[in-house]
Each structure stands twice: as C-alpha cells, then as structure tokens.
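Coordinate analysis (summary)
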Amino acid sequence: MTQTDLKPTQAHTTNAPALEVRSLNKTFAPTVVPVKNLNLTVERGEFLTLLGPSGCGKSTVLRMIAGLEHPTKGQVLIDGEDVTRLSPSDRNIAMVFQSYALYPHMTVHDNIASGLKLRRIPKGDIEDRIRDVVDFLGLHELLNRKPGQLSGGQRQRVAVARTLVRRPSVFLLDEPLSNLDALLRENVRAELKQLFESQQAPVVYVTHDQVEAMTLSSKVAVLNEGYLQQLDTPERIYTHPANRFVAGFVGSPQMNFLTLPCDGQSVTLGNRRAPLPTEVRTDAKEITLGIRPEHVRLAREGESPTVEGTVSLVEHLGMHKLYTVQVPGKMPMTVRSLIPLSHTHSDRPIKLVFSGNAIHWFDAETGDRLNQD
Amino acid sequence: MTKDIIVQRERRVGWLLVLPALLLLLGVFAYPIGQAFWQSLFNQNLGTQLTSEFTGLSNYARMTQDGRFWQTMWNTSVFTFFSVFFEFLLGLGVALVLNQSFRGRGIVRTVAILPWALPTALIALAWTWIFNDQYGIVNDILLRLGLIQTGINWLGNPTLAMGAVIFADVWKTTPFISILLLAGLQSISEDLYEAHRIDGASPWQSFRQITLPLLMPQIVIALLFRFAQAFGIFDLIAVMTGGGPGGATETVSLYIYSTVMRYLDFGYGAALVVVTFVLLILVVAIAAFFLNRSRAKARGVN
Amino acid sequence: MTTFPESVSKSQRSSGINWRSLILPIAVILVVLFCLAPVLWQLLTSVKVNQDISAVPSVYFPRRFTLEHYQQLFARRPFWNYLLNSFFVAAASTLLALGLGAPAAYALARLRLQGERVILAGVLIVTLFPPILLFLGLLRVVQVLSLGDNYLALVLPYAAINLPLTILVMRSFFEQLPRDLEDSAKVDGYNTVGTLLNIVLPLTLPALATTGILAFITAWNEFIFALTFITRESMKTVPVAASQLGGASIFEIPYGPIAAATVLGTLPLVLLVLFFQRQIIQGLTSGAVKG
C-alpha cells in the first residue's frame, strides 16, 4: 500500500476512540435479534470481533453501527461524532457482507468504484485508488468480469477491495468467511489478518467461529442473548472466561463442567473431598468446576488421581484422543480428557488428574466466574 | 425515547409505493362491487324510465320468483362442475406426461400451454366452426367413421350445445391446470419416490401415497382458480351459442349482461351481481379452509 | 431350477417395458394433437377457397390455397385498426400494471408496512373475481367520466386486472433478492430511490418481462369490457371485432374471413408463447402457488 493509504481520511482533532457504542439497545422486532445495553470502544488499529452463537445479537450490533438498523436506545459514535441518526452513507463506514452483496449486473471495476462515484470523488482519484487496491489484492485479471463469473474466493476479495478503496473510518465485516470452503477459509483468514493490520481504521468483525475470533482479533466481545458476556483479548477470553457461557462457547473440545456439592470450605469430587481456594469460598450448596479436556491428564504412577472412572467413548482427533470417562460416585459425572495417541486403553478403570492451576470455578446459579486467576 | 426512524421512513416510502396500485385496485374492484350492493336496493329500469327508485330488497324477492335466474344458476353449475372436473382429470394427466423426460419435451410443453394463451373469443369462433352442423369437422369425422348417418346440429340441441361449450372450455383451460400441477410435481423430491420404491411400493401406490398428498395444495389452488373462472364464464359461451338454444347454455354472466345491456334493468342486474359475488366468496372461503389444511398436511409429510 | 424363474422374470420385464415404453409416446402425441388440432384446422380453413370450405365431406388436403379471406378482412373492415387497438391497449395497460405493481410489490416484500397481510389477502381474493361482477359498476364509472369509446376505459381496468398477478409475482421475486444487496447499496451511499433505480431495477428486468408477458396476454384476450365500453368500429379490439364479423345475412356466415381473423388475432400470442414459454410457466406458477 502506498503512503497515502495510511493517512486518515478525516483529521482527528480529539483523542476520541475511532468507534464507540454507548448503552446500545434494540428491542425485539420480527426480523431483528434484540441487543441489551451494550457498551464498546474500539481504538484505531484495533480488530474487534463480536463472537457468539446465532441469535446472540452480534449482527444486530454490526447493523446498528452501520446504520442499517436504528437503535431503540443508545448512541453510536465514530471519531467522537454522534452518528446515531445518520444514514449509512453519511457514516463513512464500509462493510463486507456475508453474501458479499456484489452487484451482479456490474463489473468488478464498477462494483469497487460505486461507493466512490457516489461520493463524487474525481474520476482520476477513483482510478488511482482502485489501482492501488487492485495491485494489493491481485485483482487485475478480474476487473472486467461480472460477479457471476468469479469463484467464491475471488468474490470475497472483490468485496474486501470494495471496502478498502473507500478508506473508511471503520471497517465492518459480517461473517465474511462463512461462505468459503474449509481449506480456502484458512488461507483467506491469514490474508485478512495481514491486510487489516496494515490499515489504521479499526475493524469490527462478526463471526460465530471461535477460531476466527481467536486468530484475527486484538479484542473479542462475546455476546449471548443480546448481552455482552466478556470483552477481552483472545488470550484472556480463553484463559479467564468471565462466566460459564464464555467458558463453554470458546474452546474445542468443550470445557468440562462439574457441578459439585460444597460446604463453603471444601467440595466433594468423586469420593474425595478437596478444599476450595480461599477466594472462591461460598455459602452455596453447590459450585461449578470447569476444566478443559486438555488440562485433564492421566495420573502418573503412584500419583493420587483427582477422579477415577471407566472410558465410555474414544474419539480420535488426529493429534490426540478424546476420552469420555464415566465417574461413578454419589453424583455420577462425565469427564472428557485429551489423551496422547500413545496411550492404549483397556477396560480397567482410568485414573485422571486435573491440573490445579487450570481449574475454573463458577457460581452454580449465576454462572459467574469466582476465581481471579 | 427515540422512535425507530428507519422503520418510520420505510413505512412512509412503503405507503407511497403501495398507494397508486391500491387506489386503482379499489377503483376497479371494490367500487363496482360496493356500487352493485347499493344499486341492488333500487329499481332502475325502463319501467322507471331509468331513474332510481328505492325499493329495498324487492329485487332479491323478484329473484326468488325468476325462473330464468334459477335456470341460469343451474346451467352455470352444470358448466362449472363438468368443465372443472374434466379439466382436472386431463390437466393432471398432461402434467404427469410432461413430468416425464423425453426428447422434445420443451417443444411439447410450449404446445401444451398454447390453448391457455389464446383469446377465448377467437377460440370460441374456431370451436363454433368445428361444431358447425353442415361443414363442421366433428360431424365429418363421425360420418367418416360411420358413427352417425346425418350431420348433428351440435349447437342447436340443448344438451349437445352444453356439451360443446364444456368441451371447448376444457380444451382452453386444461393447460392452466397442467402448468400449475406440473410445477407441483417438479417440487416433489425424487428421493421420496426412491425411498418409497425401496420400501416396496408400486408406482400406483407411490402416486396415491406421495404424489397426491404432496400435490394437494396445488390441486386446491388450481381448482379454486378454475372454479371462479368457470363460474363467471362469459366470452366463450357468448360467442359460441349466445346462451342458446332456448337459454340452454345461458349462464349467470350472460343473464347479468343481457339484463343490464339489453333490458336496461340496472337495479335487478346489480342484485344478480351481488348474489353471484356472495356465492363466489362463500365457495372461496370454504376452499381457503381446505387449502390451509392441505398445505399443513403436505408440510407435515415433508 | 435356477434358470426358470429368471427367464420368466426377464420375459415379463421385457414385455412390460415394451408396453410401457409405448404409453409415453402415444400420450405425448395425443397431448400435441389435442392442443394443436383446433388451431391448425382454423389455419387451414383460412387459406382454403370458399368451395373447399363448404365442401361435404370436408377437404383435409386442399389443392388450392388463397389469401382472399385475409384480403377481405382488410378491405371490408378496419382490421389494421383492430390489431393496433388491441396492441396499444394491451401494451399500455401492461406498462401501467408494471409501473404501479412493481413498486407496490417491493414495498410489500421489503418495507415493514402495517396492514400488509390485509392488502395481500385482498389482492389474492380479487384475482378470483370474474369481470362480469365488475362491468356494471365500471359501466357507471365510464358513463360518469364519459370515458366511452376512450382507450382509458380499457387501459385502466386491464391494468387493474393484471395488478394482483404483477404484485404476487414481483413480490415473490423481491423476496428472493438478497437483502444484503440493498444494504450494501445504502452503505455505498445510494438513497432509497437510487437503490431502487440503480441496483434493484436492473436485477428486476427478467421478472418484469415475465409478468409483462402474462399481463399482455390477459389484456389482449379480454372480451367483456372491450365489448361494453367501446362501440365505435374503428376503436374495437380484435376479439370483439372478430366475434362480430357477419355476412350480408345470417345465412351467409363468412367462415373464411372469420378463420382468417382468428388466425391474425391469435398469431401475436402464438409468437409470444413460442418465444417466452419458460417465462410464462414461471410467472403463472409463482403467481398462483406462492400467493
């Protein structure tokens, strides 16, 4: 990219964040997933991913930032300016749609140029900008084709080109990889990461795919049922999930959740009693223990196991085997564990150890995280 | 708090887009029907020197005594029942044929929709000529086959004339039914038939247990449309027989038309319109009920 | 032992195949004959000389052909006028139906209108009204606005008759059009009208053509309004004019010219069907079934 590309299109007189969303609300309408009291700030150069299952409201948030939906309450600010009441075209945002939304009757060139022409940018400038972007993405061969003649990957690149050429204040991307096949998706993902790292304007990216969220983002906002669950770096989301929902949604294979009887000081785990860490001591009768399968390992010779049980299912995952272990006791439990391929399993009971520093404690009722680390 | 301005703006634009069409529809459909209801309460004919005189429901009372009205109702019912019945059988047959794959299917399909597209009044002229008592091709074929000894006056005999107009109507509108049913047939997944065959079903059983139930929504829609069109038949009969011989093929539409245009009896004509309208709406309501049910069923089987 | 049942099943199957493979061609031929025969007979009649037309038994393979019936049509009647009238009325009403119906369909498909269901239900029911129910009230409108012998008396009702189909077909088309395209246009900077004209309309042309063809056919074929509202000879449409072709007396029915008139009146529609059968089928089915 040339130097001019990196110059911000608008002078930033204040230190306002590039994008700010203040107590955004959207009440339910037939075609819209509701959003409840959402606050977000995105700084220049940041890559924020809205992550959540379908129906969590992540697309609604993106569409409200774009101006395609109007919030019931709350504000959207871009570069410190309140744009809540502006139409999409007046917000200086650019968006990649899930279906790419390339105009089928226009050539690739005209698709890329359309937003610029509407902003009455001089023709020479338009061509310069298009040339830059086309060089950058290698789209020369395609300029005179129609979208119908392009492959899925090519369409995706054209859709991205159409946003880059706009040099917007914010990039919005709505599941841009979901229409690509698995192999291509991995390549394009890496490409997207590089590409947007070179841009100054921040990116808001919507996906339900945790791998995309983890690999691309500098910040991840996990949403569920319209509520923000956690806003953090990908690492923190993984290592310190704020609640049971985040813990269960992020990470594959999914985290084990064991609801254990507790008396305030200690819990009953299988046939053993274990003291609770001081910071999570609670008066509740039950507490939820969360541990990822990769942190459940085979007990070494002579080591006393955390739990003991019988293997009911073995799944080969390539690098590991995933065991599903039934743990008998007063409250029978199921624990899944990632086991090295070398282990051969027999009908004998299997002894498992939970890595102590990888245990997450959650309130059994609210699902909130109890331990600080 | 702030109203949803996007939705508000959309609604305003939406009404702006809908309104012209809505106005034209109201003017051409709602006004005439409403006007007929109103006018049916008045006497306006040559007896009143074409001025309106309020008479309450007397036009409807007169209808109960009007033998010609009941005769035309009967004729209309006979025409509607037989034409729709045969159109349905033939239309289903044609649809099943066109649903097979064979060389030249595209051309055959084109040919098969041709009758539907042609002007009924002109087609009626063609059929009048075909059923001509002296030079008609029908008589000629029957004579050559030795089935009759002298030419039959098709359009001059009450029963035969009804048969002839029904035949012409069946020819004209079978394509409509077969197009709709063909679309329905093509939407039924081949997998269903294969699964059924693996279960050991014969083609006839597949037809009964898969084709018919899944086709039912299209069948009901096609029959509904055809019922309404046949019940209001005008041009075909007006051109072929003019309602004759001796009123044997006069349908309600023709009766309404001559009441208004020949006898200039506007009040009574309006009452006839109202009764026909109410009958039609009743049948449509019943059909809509069955349509919903058959749609729900077809979805359930899916 | 093992070969016996096999041979039986084989012979059964082969005879079954033979028998069945005959059904389809016969059925196809019957369908084609059934649909074409009346039209072809009329075509043949129109080019026979009068002696052959009134020959008993009928002449199926005439030796002499003539265009005199066609010449008569144009010589004794303003047949060009009839054709042009039909064409003008059908084309104008089609354009009007599309012009009013397509925007309405878009609004019903995309914009969140209150009362949308009521409008749609009304539009659906209206498609079932036979024109005879309307002609009396429309006659009054025509008289009050003195639209008698005015093309508007046909163009407006024809457009209205075609509106429900237009709205239903176009609406189902708009619903299939990805919404992202319009959102993308908004983000690009188009306003609503710009989106409609620059993005939606170009993509809509095939669907407009489909509905337009159906509307044209319906308008060309309409009879009762044309019969009632137009009385001046030079303004009549083909179906009405052809149905009123008569001879000097009732005993002298001009079979030849009538046949020629039906051929000329149907020819434009035959051509439409030949070129656009796919669109016609598509339009008919989406109009009736999706609604």
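Residues numbered from 1 in each chain as written. Chains lettered and ligands numbered in written order. Predicted model: local features only at pLDDT ≥ 70, side-chain atom pairs only at ≥ 80, totals over all residues. Heavy atoms only, no water.

1. So, the overall build of chain B
Assigned secondary structure in chain B consists of twelve helices and two strands. Ordered by position from N to C terminus, the α and β elements of chain B give α-β-β-α-α-α-α-α-α-α-α-α-α-α. Taking 19 Å as the expected radius of gyration for a compact globule of 302 residues, we find that chain B reaches 24 Å, considerably beyond that expectation. If you line up chain B on its principal axes, its C-alpha atoms span 90 × 75 × 30 Å. (Helix = DSSP H or I, 4+ residues; strand = E, 2+ residues; numbered from the N terminus. Rg over C-alpha atoms; globule rule 2.2 N^0.38 Å.)

2. Some details on the confidence of the model for chain B
For chain B, per-residue confidence averages 86 on the pLDDT scale, and 96% of positions sit at 70 or higher. Here helix H12 (residues 266-301) of chain B stands out as the element of chain B with the lowest mean pLDDT, 83, in contrast to helix H3 (residues 67-99) of chain B, whose mean of 93 is the highest. (pLDDT = per-residue confidence, 0-100.)

3. Brief notes about the interface of chain C and chain A
The partner chain A presents 25 residues to the 15 residues of chain C that form the contact. Between chain C and chain A the total buried area reaches about 1,600 Å² when both faces are included, carbon and sulfur atoms providing 59% of it. Per-residue buried area on chain C facing chain A is highest for Asp180(C), Val187(C) and Asp188(C); these three make up 38% of the total on that side. Applying the counting rule to chain C against chain A returns one salt bridge. A salt bridge links Arg63(A) to Asp183(C), with the nearest nitrogen and oxygen atoms 2.7 Å apart. Seen at the junction of chain C and chain A, the total is twelve residue pairs in polar contact (both at pLDDT 80 or more). (Contact = heavy atoms within 4.5 Å. Buried area = accessible area lost by both parts, 1.4 Å probe. Salt bridge = Lys/Arg side-chain N within 4 Å of Asp/Glu carboxyl O. Polar contact = N/O pair within 3.5 Å; in protein donor to acceptor, adjacent residues only side chain to side chain.)

4. Considering the sheet that holds strand S2 (residues 35-42) of chain A
Residues and elements named next belong to chain A. With antiparallel pairing, the four strands of this open sheet are ordered in space as S2-S1-S4-S5. Either end of the sheet is taken by a strand with one partner, and the two such strands are S2 and strand S5 (81-82). For strand S4 (residues 73-78) and S5, the ladder comprises two bridges, and the chain directions are antiparallel. Bridge pairing in S5 links isoleucine 78 to glutamate 81. This element, helix H2 (residues 58-66), spans strand S1 (19-26), S2 and S4 of the sheet and lies at about 120° to S1. (Pairing = 2+ DSSP bridges. Axes fitted to C-alpha atoms, helices over the stretch in contact; angles between N-to-C directions.)

5. A closer look at the pattern of salt bridges
For the structure shown, the criterion picks out 24 salt bridges over all chains. The salt bridge involving Asp79(A) is made with Arg44(A); its shortest N-O contact spans 3.1 Å. Remark: Arg44(A) occurs in the loop between S2 and strand S3 (47-51) and Asp79(A) occurs in the loop between S4 and S5; sequence separation between them is 35 residues. Judged by its relative accessible area of 17%, Asp79(A) is buried. Across the pair Glu182(C) and Arg110(C) runs a salt bridge whose closest N-O atoms are separated by 2.9 Å. Pair noted here: Glu182(C) is in helix H8 (residues 179-188) and Arg110(C) is in helix H4 (residues 79-110), with a separation of 72 residues, a long-range link. For the residue pair Glu182(C) and Arg110(C), the accessibility class agrees, reading buried in each case. Residues participating in the shared-partner salt-bridge network are Lys26(A), Arg63(A), Glu69(A) and Asp183(C). (Buried < 20%, exposed > 50% of the residue type's maximum accessible area, 1.4 Å probe, protein only.)

6. Regarding the pairing of strand S8 (residues 203-207) of chain A
All names here are of chain A. Of all five residues in S8, five are buried; the element is thus mostly enclosed. Alternating positions in S8 separate into two faces, Val203, Tyr205 and Thr207 on one and Val204 and Val206 on the other, with burial throughout. Both S3 and S8 contribute to a ladder of five bridges, which runs parallel. Its bridge partner being in S8, threonine 49 is matched across the sheet by tyrosine 205. Pairing geometry for strand S7 (residues 170-174) and S8, over four bridges, is parallel. Residue leucine 173 lies in a different strand from S8, and its bridge partner there is tyrosine 205.

7. Overview of the domain arrangement of chain C
Residues and elements named next belong to chain C. On domain assignment, one finds that chain C holds domain 1 (19-66) and domain 2 (71-285). One C-alpha centre belongs to domain 1, the other to domain 2, and the line joining them spans 32 Å. On the domain 1 side of the interface with domain 2, the three residues burying the most area are Gln42, Ser46 and Ile53, jointly 67% of the side's total. If you look at where domain 1 meets domain 2, you find zero salt bridges. Applying the counting rule to domain 1 against domain 2 returns one residue pair in polar contact (both at pLDDT 80 or more). (Domains from an automatic or database assignment.)

8. Structural notes on the packing of H8(C) against helix H9 (residues 192-221) of chain C
All names here are of chain C. Interhelical geometry of H8 versus H9 gives an angle of 155° and a closest axis separation of 10 Å. Here H8 lies roughly antiparallel to H9, going by the angle between them. As H8 packs across H9, the resulting crossing turns out to be right-handed. Residues Leu181, Glu182 and Ala185 of H8 form the contact with H9, whose participating residues are Thr195, Ile199, Val200 and Leu203. (Parallel < 35°, antiparallel > 145°, perpendicular 65-115°, else oblique. Left-handed = near helix turned anticlockwise from the far one by under 90°.)

9. As for the packing of aromatic side chains
Residue and element names in this part refer to chain B. Throughout the structure, instances matching the rule amount to 40 aromatic pairs over all chains. Both rings, one in phenylalanine 42 and one in phenylalanine 54, keep their centres 5.4 Å apart while their planes meet at 80°; by these two values the pair is edge-to-face. Here the residue phenylalanine 42 occupies a position in strand S1 (residues 42-43), and phenylalanine 54 occupies one in strand S2 (residues 53-54), the gap between them amounting to twelve residues. You can call phenylalanine 42 buried: its relative accessible area is 14%. Aromatic side chains phenylalanine 131 and tryptophan 154 sit 5.6 Å apart centroid to centroid with 55° between the ring planes, which places their arrangement in the tilted category. With phenylalanine 131 in the loop between helix H5 (120-130) and helix H6 (137-144) and tryptophan 154 in the loop between H6 and helix H7 (158-186), this pair connects stretches of sequence that are 23 residues apart. Like phenylalanine 131, the residue tryptophan 154 is buried in the burial classification. (Phe/Tyr/Trp six-rings, centres within 6.5 Å; stacked < 30°, edge-to-face > 60°.)

10. Observations concerning the sheet that holds strand S11 (residues 256-261) of chain A
All names here are of chain A. The sheet built from three strands is open, its strands ordered S11-S14-S20 with antiparallel pairing. Edge positions in the open sheet fall to S11 and strand S20 (360-363), since each of these has one partner strand only. Across the sheet, the axes of successive neighbouring strands diverge by a mean angle of 30°, strand direction being ignored. Where strand S14 (residues 286-291) meets S20, four bridges bridge the pair, whose relative direction is antiparallel. Paired with isoleucine 287 across the strands is aspartate 363, a residue of S20.

11. Considering the interface of chain B and chain C
Taken together, the contacts link 87 residues of chain B with 92 residues of chain C. In total, about 8,000 Å² of surface goes out of reach between chain B and chain C, with carbon and sulfur atoms giving 81% of it. Interface area lost by chain B to chain C is led by Phe29(B), Leu122(B) and Trp129(B), which between them contribute 9%. Here chain B is connected to chain C by zero salt bridges. The element that contributes the greatest number of residues to the side of chain B that touches chain C is helix H1 (residues 5-39) of chain B, accounting for 22 residues. Grouping the constituent residues of the side of chain B that touches chain C by class yields 63 nonpolar, 17 polar and seven charged. (Nonpolar A, V, L, I, M, F, W, Y, C, P; charged D, E, K, R; others polar.)

12. Describing the confidence of the model for chain C
Residue and element names in this part refer to chain C. Per-residue pLDDT for chain C has a mean of 83; in total, 89% of the residues score no lower than 70. For chain C, per-element mean pLDDT is lowest for helix H1 (residues 3-47), which scores 71, and highest for H4, which scores 92. Low pLDDT (under 50) marks residues 1-16, which in the prediction has zero contacts with non-local residues, meaning those over four places away or in another chain. Here the prediction assigns the complex a pTM of 0.80, and the interface score ipTM is 0.86.

13. Examining the packing of helix H3 (residues 108-118) of chain A against helix H5 (residues 152-164) of chain A
Residue and element names in this part refer to chain A. The geometry of H3 relative to H5 is characterised by a closest axis approach of 8 Å and an angle of 30° between their N-to-C directions. By the criterion of interaxial angle, the relationship of H3 to H5 is roughly parallel. H5 is crossed by H3, and the crossing has right-handed handedness. On the side of H3, the interface is formed by Val108, Asn111 and Ile112, while H5 contributes Val158, Ala161 and Arg162.

14. Quick notes on the side chain of Glu212(A)
Residue and element names in this part refer to chain A. Tracing the chain through its elements places glutamate 212 in helix H7 (residues 210-216). For glutamate 212, which is buried and forms no salt bridge, the nearest opposite charge comes from arginine 185, at a distance of 4.7 Å. In this structure the side chain of glutamate 212 is engaged in a polar contact, spanning 2.8 Å, whose partner is the side chain of tyrosine 205. Discounting residues that sit within four places of it in the chain, glutamate 212 has contacts with Leu177, Arg185, Arg189, Tyr205, Thr207 and Ser217. (Lys, Arg positive; Asp, Glu negative; His and termini not counted.)

15. Thoughts on the environment of Pro119(B)
Within the fold, Pro119(B) resides in the loop between helix H4 (105-117) and H5. Given the relative accessible area of 0%, Pro119(B) is considered buried. Along the sequence, Pro119(B) and Leu236(B) sit 117 residues apart, while their C-alpha atoms lie 9.5 Å from each other. If we ignore the near neighbours within four places in the chain, the residues touching Pro119(B) are Lys172(B), Trp220(C), Asn221(C), Pro239(C), Gly265(C), Thr266(C) and Leu269(C).

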